[in-house]
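Coordinates in review
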Amino acid sequence: MSNHDPHLHTPSRKPRLRAFGVALDGTAGRFNAITDVPGVSVGYTTLISGDGPLQVGNGPVRTGVTAILPRPTADLATPVFAGVFSQNGNGELTGTHIIEETGAFNFPVTITNTHSCGVTRDGTLRWMHKVLPAALDSGWGLPVAAETYDGFLNDINGHHVGFDHVAAALDGATGGAIEEGSVGGGTGMISFGFKAGSGTASRIIEWQDRRYALGVFVQANFGKRHNFTLRGRRVGPELTKPAIREGTPRAEKGSIIAIVATDAPFLPHQMKRLARRVPLGIAMTGGYGYHSSGDIFLAFSTANPEAALGASGNIGRAEFIPDVDIDPFFDAVVQGVEEAILNALVANEDMTGRDGNFVPALPKAWLKETFG
């Protein structure tokens, strides 16, 4: 394998934000990705085909599936302590009711387009029954599946995501450096009028001579161009070009899903506290939770597996960092979310989809000139 720096480029050599010399806060992990949390892996299925006028059922297709495994496959039945927070509920993230009730979930997380959310949820159950059948032999599954809308570029009503695509994303999940941009569920997504989609980042937090990782993954599909902010600078007004070209009118339908993972020991109420800080990272980029935006966030900890499993007849014991020491982890969430969104924008190219609808990439020459 190559010796390229994963902080600067994705495995396919797409640039990441740090390749342009942008100054950032905090200390990134080895891969600057959610996969810096031990045991967490990410897989994609990307579906791109067809050009020209929309023919529902035939395309053009610009969509996919993202799979995030919170534990290694053999351990997926073991829950993770978790919390959820909805900044604006114009969207979907399944499994939230039992997370609110019990402070935990198990099985993989999937993210896709709005009209395929049920397929990825059910596909996860089919896959789990195949790879870990004992997990469903005498119980039920309530997988987490999330969505954002890609109908400006994609034949969203053609339902092109199938169970095989879900299984492929789950089977292909890996640790280490991962792709960003127009991949997986992020394939057809747009932020601030630029091509966006999948992005990730991580931070290392030192506490009491211990080192913990906190990783963030976003599917970014939100924001208006004039609000776009990069490291505190309101750059949207100077970036009126290149512009989106609308072969068909573009309705304002934007959302962002964020998944926060850590190996730091926290209790469920603390995971919810971490999830509540995600909007602050989004606001750093100019996202304000507008009406049509589904801004829904999940945070989980891989620590305390035995306590999360909660075996009958035993007193459960969990370690946790006290709330009075949680602030550096809040910093990590805000920093990671901001960078993950910007990575989704930077690791991207122009895309033309259905009906000639065109979305430009964030101009690399402008980035280099402004921050390089």
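Preceding this paragraph is the structure being described.
Here's a quick rundown of the structure. Please read all numbers here as calculations on a predicted model, not as lab measurements. (Residues numbered from 1 in each chain as written. Predicted model: local features only at pLDDT ≥ 70, side-chain atom pairs only at ≥ 80, totals over all residues. Heavy atoms only, no water.)

If you tally the helices and strands in the protein, you get nine helices and 16 strands. For the protein, the C-alpha radius of gyration of 19 Å lies close to 21 Å, the compact-globule estimate for 372 residues. If one aligns the C-alpha atoms of the protein with their principal axes, the spans along those axes are about 60 × 45 × 45 Å. Across the protein, the fraction of contacts at a sequence separation of at least 24, relative to all contacts at a separation of at least 6, is 79%. (Helix = DSSP H or I, 4+ residues; strand = E, 2+ residues; numbered from the N terminus. Rg over C-alpha atoms; globule rule 2.2 N^0.38 Å. Contact = heavy atoms within 4.5 Å.)

Moving on to empty space enclosed by the protein. On inspection of all chains with the given rule, the structure shows one cavity of 30 Å³ or more. What lines the largest cavity is simply Pro6, His9, Thr10, Pro11, Arg16, Phe31, Ala33, Ala177 and Ile178. Of the residues assigned to the lining of the largest cavity, the class counts are six nonpolar, two polar and one charged. (1 Å grid on protein atoms, 1.4 Å probe; cavity = no way out; pocket = protein on both sides within 12 Å on 5 of 7 lines; lining within 4 Å. Points joined across faces, edges and corners; volume = space filled by probe spheres on them. Nonpolar A, V, L, I, M, F, W, Y, C, P; charged D, E, K, R; others polar.)

Once that is clear, we can look at the packing of helix α6 (residues 278–285) against helix α8 (residues 327–346). Between α6 and α8, whose axes approach to 7 Å, the crossing angle comes to 45°. Considered as vectors, α6 and α8 are oriented oblique to each other. In this structure, α6 meets α8 at a crossing whose hand is right-handed. Residues Val278, Leu280, Gly281, Ile282, Met284 and Thr285 of α6 form the contact with α8, whose own contacting residues are Val333, Val334, Val337, Glu338, Ile341 and Leu342. Taken together, the residues that form the contact of α6 with α8 break down as nine nonpolar, two polar and one charged. (Axes fitted to C-alpha atoms, helices over the stretch in contact; angles between N-to-C directions. Parallel < 35°, antiparallel > 145°, perpendicular 65-115°, else oblique. Left-handed = near helix turned anticlockwise from the far one by under 90°.)

Attention shifts here to the pattern of salt bridges. Note that side chains of opposite charge can pair when their charged atoms are close. On inspection of all chains with the given rule, the structure shows 13 salt bridges. Across the pair Arg16 and Glu180 runs a salt bridge whose closest N-O atoms are separated by 2.6 Å. Note that Arg16 is positioned in the segment before β1 (41–49) and Glu180 in the loop between α4 (163–171) and β7 (190–191), a separation of 164 residues in sequence. Among the ionic pairs, Arg231 bridges to Asp25, the shortest N-O distance being 3.0 Å. (Salt bridge = Lys/Arg side-chain N within 4 Å of Asp/Glu carboxyl O.)

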